[in-house]
Amino acid sequence: MPRCSTQCGKNAILKRPKTGDALCKECFFEAFENEIHFTIQRAKLFRPGATVAIAASGGKDSTVLAYVLKLLNEKYDYQLKLVLLSIDEGITGYRDDSLDTVKKNRDDYDMPLKIMSYKDLYGWTMDEIVAEIGRKNNCTFCGVFRRQALDRGAYLLNVDYLATGHNADDIAETVLMNILRGDLSRLNRCTSIITDSGDGIPRVKPLKYTFEKEIVMGHARVLLKDLEKIDPAIIMNIIQSGENIRVNETAKIPKLTKCTRCNYVSSQEICKACILLEGLNKGLPRLGVGKSSRVKRILKINEENSKKCSRTEESCCKENEKKSCVCKSLSSCVR
Amino acid sequence: MKIKVDFSGGAELLFGNQKHHEVDLPVKDKPWLLGDLLFWLKDNLLQDRPELFLQDNSVRPGILVLVNEIDWELMDTINYEIQLNDSILFISTLHGG
C-alpha cells in the first residue's frame, strides 16, 4: 500500500488529481483546506465583518462549501457571518431530500437558513409551470428562474456576498460550452472568481480551483471527464485558457444592464425571467423559450393583432376564451 | 469469494436503487481483478443503461472507485487483485452539485 507523499508515515488514501500526490486522510484535508484559504486570501474574496449567503442546494459542493467556509472563518478569523440560502422550485418530491440535507447543514454548522420558493418569488411553482408548458422546455423556466432566485434571495437577506459551490470541473465545463457557443461575454464572466450581478452583491466561487474528485472524497461533462482521465492538468488549463482569451476591441459584446421591469441584471432590455413570466401570465407559456429576436417578433405581432381585436379586455381574460383570442397579449390581461 | 459492493452518489440508480450488495463471486482459476468485477457487475447486478456505468474496459469517467476506503488510483485501478471481504465502493459524481 502506498505511503503518504508528505513522509508523515501514514498510508495514503487518495491520489490528488492536481499534483498526482498520494496523500493520507489528514494531509489531504489539510492541503484541501489550505488551498481554499489561499484562494480566498489571494483574491481578497471577503471583506472582514461581511455577511455571506452560501447558496445551498443540499448537494456535495454546497455542503463542502458550507463546511470549509465555517472552518476557515474560525481558523483564520475572517470575521464573516455565514447564512445558508436555498431555493425551492416547487417540484413535488424533488427537493424533499435536498432540503432535508440543507436543514442538516443548518444544524451541523449552526448557520441560519432561509428557503425561498418560486411561488414566493414568481407566483408560480415549477409544477404549475409544467402543467402549463408540458414536459419539454420547462428546464428553461427552472434554470432562468433559479439564476435570479439566488440573487433575489441574497438581496432580501441583505447580505454582502453570495457564495456558490462551483468547482474547477464546473468552471472548465462552462468555459468549454461558452467557447463552443462563441459566447464571449459569458466566457469572460464565467472564469471570474468574483462577479457583480449589478445589484451590488458580488457572487464568489471559493471552490474555483478545487477538483470535483476531491469534493466527492471528502453530456459536455463526459467529454471533460475523459480529458481529465488523460491529464488532470487539462481542467486547470481550460480554466486558464478561458481567463486568457482576450477579445478583439472592435468585437461587439452585449453590455450587462438592468431589466426595465424588475431591475435585476440582464443583457437585454427585459430580462429572460420577466419574459418567461409574461408568457406564463398571458397563457403564452412558450413565449420566452428560444431566441430573444423571436420573442421581440411575437410580442410585436401580438401587439398589432390586439389592436385589431374587437373584444374587450374583460372577455379576453375569461379562461375559456383566452386561448383562442389573439389579443391575449394585452398587457393588462393577466391572471 | 465474498465481498461487499456499495453504490452511492446516484450510481445506485443503475443497480435497482439498492446501495449495499453482499456479493459472492464464483470460483475461477485466475485471481479476480477489479476489472473482471466491473464486467461481472454489469452482467449480474446492473439493471439498465450499462453505458452509464462502463466505458471501454473501465468505469465511466466521473465514477470514483474506493477499495477498502482507498482511492483505486492508488491500487492500480482495474488491475487490483480482489481479496476476500474487500469492500468496493462506486460513487457517481455526474448528477450535479
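Residues numbered from 1 in each chain as written. Chains lettered and ligands numbered in written order. Predicted model: local features only at pLDDT ≥ 70, side-chain atom pairs only at ≥ 80, totals over all residues. Heavy atoms only, no water.

As named in an unreviewed UniProt entry, chain B is Ubiquitin-related modifier 1 homolog, taken from Rhynchophorus ferrugineus. The Sequence similarities (unreviewed entry) comment attached to chain B in UniProt states, word for word, "Belongs to the URM1 family." (UniProt positions renumbered as here; feature names shortened; annotations may be inferred.)

Identification of chain A as Cytoplasmic tRNA 2-thiolation protein 1 from Rhynchophorus ferrugineus is taken from an unreviewed UniProt entry.

Engineer: Looking at this structure, how should I read the overall build of chain B?
Structural biologist: When you go through chain B residue by residue, the secondary structure sums to 1 helix and 7 strands. Listed by position from the N terminus, the elements making up chain B come as β-β-α-β-β-β-β-β. Across the 97 residues in chain B, those meeting the buried criterion constitute 46%. Only carbon and sulfur atoms are counted for the fraction: they give 48% of the accessible area of chain B, which is about 4,900 Å². (Helix = DSSP H or I, 4+ residues; strand = E, 2+ residues; numbered from the N terminus. Buried < 20%, exposed > 50% of the residue type's maximum accessible area, 1.4 Å probe, protein only. Areas by Shrake-Rupley, 256 points an atom, 1.4 Å probe, with all protein chains shown as cover.)

Engineer: Any chance you could explain the overall build of chain A here in plain terms?
Structural biologist: The helix and strand inventory of chain A stands at 15 helices and 10 strands. Sorting the 335 residues of chain A into buried and exposed places 47% on the buried side. Accessible surface computed for chain A: about 17,200 Å², of which carbon and sulfur atoms make up 51%.

Engineer: Even after reading the chapter, I still don't get the packing of helix 5 (residues 126–133) of chain A against helix 6 (residues 138–157) of chain A, so can you show me in this structure?
Structural biologist: In helix packing, the relevant descriptors are the interaxial angle and the interaxial distance, both defined with respect to the helix axes. All names here are of chain A. In the contact formed by helix 5 and helix 6, the axes pass within 9 Å of each other and the chain directions differ by 145°. With respect to the hand of their crossing, helix 5 and helix 6 are arranged in right-handed fashion. Contact residues: M126, I129, V130 and I133 in helix 5; N138, F141, C142 and F145 in helix 6. Its residues assigned to classes, the contact of helix 5 with helix 6 shows 7 nonpolar, 1 polar and no charged. (Axes fitted to C-alpha atoms, helices over the stretch in contact; angles between N-to-C directions. Left-handed = near helix turned anticlockwise from the far one by under 90°. Contact = heavy atoms within 4.5 Å. Nonpolar A, V, L, I, M, F, W, Y, C, P; charged D, E, K, R; others polar.)

Engineer: Explain the pattern of salt bridges to me, please; I cannot follow it from the model alone.
Structural biologist: Two side chains that carry opposite charge are able to pair once their charged atoms sit near each other. Residue and element names in this part refer to chain A. Tallying each qualifying case throughout the model produces 23 salt bridges over all chains. Linking K70 and E74 is a salt bridge whose minimum nitrogen-to-oxygen distance equals 3.1 Å. Note that K70 and E74 are positioned in helix 2 (residues 60–75) at a spacing of 4 residues, about one turn of the helix. Through salt bridges with shared partners, a single network forms among R16, K18, E35 and E214. (Salt bridge = Lys/Arg side-chain N within 4 Å of Asp/Glu carboxyl O.)

Engineer: How do you make sense of the UniProt feature "domain: Cytoplasmic tRNA 2-thiolation protein 1 C-terminal" (unreviewed entry) in chain A when you look at a structure like this?
Structural biologist: What UniProt calls "domain: Cytoplasmic tRNA 2-thiolation protein 1 C-terminal" (unreviewed entry) maps, in this numbering, to residues 258–287 of chain A. Across residues 258–287 of chain A one finds 33% helix and 10% strand; the C-alpha atoms that close the span lie 21 Å apart.

Engineer: What exactly am I supposed to notice about the nonpolar core here?
Structural biologist: Side chains of a nonpolar character, in soluble globular proteins, are inclined to be buried together. Core analysis: the largest hydrophobic core is formed by 73 residues, its most contacted members being F46 of chain A together with L34, L37, L41, F53 and F90 of chain B. Two domains each put at least three residues into this core: domain 1 (1–36) and domain 2 (37–244) of chain A. Aside from chain neighbours lying at most four places away, what touches F46 of chain A is I40, V52, L69, L80, Y161, V204 and P206 of chain A. Core analysis: the next-biggest nonpolar cluster, separate from the first, contains 31 residues, L85, V144, V159 and I201 of chain A among them. (Core = buried A, V, L, I, M, F, W, Y, C linked by side-chain atoms within 4.5 Å. Domains from an automatic or database assignment.)

Engineer: Looking at this structure, how should I read the packing of aromatic side chains?
Structural biologist: Aromatic ring pairs are reported here in terms of the distance separating the ring centres and the angle at which the planes meet. Residue and element names in this part refer to chain A. According to the stated counting rule, one finds 14 aromatic pairs over all chains in the structure shown. Considering the side-chain rings of F28 and F29, the 5.4 Å spacing of their centres and the 45° angle between planes classify their relative orientation as tilted. On the basis of relative accessible area, F28 is assigned to the buried category, the value being 1%. Accessibility expressed as a relative area gives 28% for F29, which makes it partly exposed. For the ring pair F28 and F32, a centre distance of 5.6 Å and an interplane angle of 50° mean the geometry is tilted. Taken as a pair, F28 and F32 lie in helix 1 (residues 25–42) at a separation of 4 residues, close to a single helical turn. (Phe/Tyr/Trp six-rings, centres within 6.5 Å; stacked < 30°, edge-to-face > 60°.)

Engineer: Quick question: what am I supposed to make of unusual backbone geometry here?
Structural biologist: Outside of glycine, negative phi angles account for most residues, and trans bonds account for most peptide bonds. Unlike most non-glycine residues, N158 of chain A shows phi in positive territory, near 60°. For N158 of chain A, the position within the fold is in the loop between helix 6 and strand 6 (161–163). With a relative accessible area of 63%, N158 of chain A lands in the exposed category. Phi angles above zero are rare outside glycine, and N68 of chain B is one such case at about 50°. Looking at the element boundaries, N68 of chain B is found in the loop between strand 5 (63–67) and strand 6 (70–71).

Engineer: Hey, could you run me through the interface of chain A and chain B in this one?
Structural biologist: Bring the parts together and some accessible area is lost; that lost area is often taken as the interface size. Taken together, the contacts link 21 residues of chain A with 16 residues of chain B. Inspection of the chain A/chain B interface yields 2 salt bridges. Across the pair E73 of chain B and K213 of chain A runs a salt bridge, and its minimum N-O distance is 3.0 Å. Here the side of chain A that touches chain B takes 5 residues from helix 10 (residues 221–230) of chain A, the largest share from any one element.

Engineer: How do you make sense of the sheet that holds strand 5 of chain B when you look at a structure like this?
Structural biologist: What holds strands together in a sheet is hydrogen bonding between their backbones, with the strands either parallel or antiparallel. Residues and elements named next belong to chain B. Here we have 5 strands laid out as an open sheet, ordered 2-1-7-5-6, and mixed in their pairing. Each edge of the open sheet is held by one strand with a lone partner, namely strand 2 (20–24) and strand 6. Alignment of strand 5 against strand 6, held across 2 bridges, turns out to be antiparallel. Counterpart to L66 in the pairing with strand 6 is D71. (Pairing = 2+ DSSP bridges.)

Engineer: Looking at this structure, I do not really get the pairing of strand 5 of chain B. What am I missing?
Structural biologist: Side-chain positions along a regular strand alternate between the two faces of the sheet. Residues and elements named next belong to chain B. Counting buried positions over the 5 residues of strand 5 gives 5, a clear majority of the element. Burial along strand 5 is two-sided: the residues I63, V65 and V67 and L64 and L66 are all buried. The turn joining strand 5 and strand 6, which pair antiparallel and follow one another in sequence, is formed by 2 residues; a positive phi near 50° is taken by N68.

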